[in-house]
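Single-letter residue listing:
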Amino acid sequence: MTLTKAKTTASQVETLAKLYLEGKPAEISDETIAQLCDWLMDEFHQLPLNLQFSDYMRYDNAEEMFADIRKDQLWVSAQSYDSAVYPNPIYGFIFQGMHDYDHYLTGTGFSLEGEIAAYNFTAKRAPSLDIQKILYSEIVLRSAAYLYMGHRADPKIVFP
């Protein structure tokens, strides 16, 4: 589930994007969703940032986001956490804040390589393989779909 190549190619982006776009939504147990939400809340309590909700604020690049993080704040766009897996939107908000902070900690941008590095960093903390698979879908596959299409894909979780 982890890609370790230093450089990704357009064909790799396309392959991963198609896994997301053509994949059927995964069936996720209530137990796994509860475990995911508990884990995300634990991660939230460890974030040393003031997460700010915004309907409109979007970072154009990672450096812009990193500058805010160095000021102990982070804007999280409502468009960023519209996943259908969470029983409450607050968990998507927490996920996006945690994920953006992981980009900061790994010094990675929003390229596929950056998303894979952020995924690997996050997956090491995940409490189960099922949650690692959800993270892979949310971070790597959905990002590949965005890079491939040039706009956000409809949210879903797929287990290719």
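Provided above is the structure to which this section pertains.
Note that the structure is a prediction, hence the values are computed from the model and not measured.

The rules we used
Residues take numbers from 1 onward in each chain, read along the sequence in its written order. The model is predicted, so local features are restricted to residues of pLDDT at least 70 and side-chain atom pairs to those at 80 or more, both for listing and for counting; the totals for chains, interfaces and linings are taken over all residues. Side-chain measures here rest on the full set of heavy atoms in the structure, leaving out hydrogens and waters. Under the DSSP-based scheme used, a helix requires at least four consecutive residues in state H or I and a strand at least two consecutive residues in state E, with every element numbered from the N terminus. To get the radius of gyration, use the C-alpha atoms; to get the globule rule, take the number of residues to the power 0.38 and multiply by 2.2 Å. Classification of residues uses two cut-offs on accessible area relative to the type maximum, computed with a 1.4 Å probe and protein chains only: under 20% is buried, over 50% is exposed, and between them is partly exposed. Contacts were defined at the residue level, with two residues in contact if any of their heavy atoms lie within 4.5 Å. Throughout, the Shrake-Rupley method with a 1.4 Å probe supplies accessible areas, and for residues the shown protein chains are the sole cover considered. Positive charges are assigned to Lys and Arg, negative charges to Asp and Glu, while His and the chain termini are left out of the count. Charged side chains are reduced to one point each, which is NZ for Lys, CZ for Arg, CG for Asp and CD for Glu. What counts as a salt bridge is simple: a side-chain nitrogen of Lys or Arg found within 4 Å of a carboxyl oxygen of Asp or Glu. Side-chain atoms within 4.5 Å are what join buried Ala, Val, Leu, Ile, Met, Phe, Trp, Tyr and Cys residues into a set we call a nonpolar core.

Engineer: Report on the overall build of the protein chain, specifying residues and quantitative values.
Structural biologist: Helix and strand counts for the protein chain come out as six helices and two strands. What you see in the protein chain, going N to C, is helices and strands ordered as α-α-β-α-β-α-α-α. For 160 residues, the compact-globule estimate of 2.2 N^0.38 gives 15 Å, and the protein chain sits close to it at 15 Å. Principal-axis analysis of the C-alpha atoms places the extent of the protein chain at approximately 40 × 35 × 30 Å. The burial tally for the protein chain puts 46% of its 160 residues in the buried class. Taking contacts inside the protein chain between residues at least 6 apart in sequence as the whole, the part at least 24 apart equals 66%. When the accessible area of the protein chain is evaluated, it comes to approximately 8,400 Å², of which 51% is carbon and sulfur surface. For the protein chain, the centre of its 13 positive side-chain charges and the centre of its 22 negative side-chain charges are spaced 7 Å apart.

Engineer: So what's going on with the pattern of salt bridges? Which residues, and what values?
Structural biologist: This structure, assessed with the given rule, holds five salt bridges. Note that glutamate 14 and lysine 18 form a salt bridge whose closest N and O atoms lie 2.8 Å from each other. Remark: lysine 18 and glutamate 14 occur in helix 1 (residues 10-22); sequence separation between them is four residues, near one turn of the helix. Arginine 125 serves as the salt-bridge partner of aspartate 102, at 2.8 Å between the closest nitrogen and oxygen.

Engineer: Provide a residue-level description of the nonpolar core, including the pertinent values.
Structural biologist: Counting residues in hydrophobic clusters, the biggest one holds 33 residues, and the most contacted among them are Leu36, Trp39, Leu40, Leu135 and Val140. Those elements that place two or more of their residues in this core are helix 1, helix 2 (30-46), helix 4 (89-106), helix 5 (112-123) and helix 6 (129-149). No other element matches the nine residues that helix 6 contributes to this core. In this structure, leucine 40 is in contact with Tyr86, Tyr91, Ile94, Phe95 and Met98, ignoring residues within four places of it in sequence.

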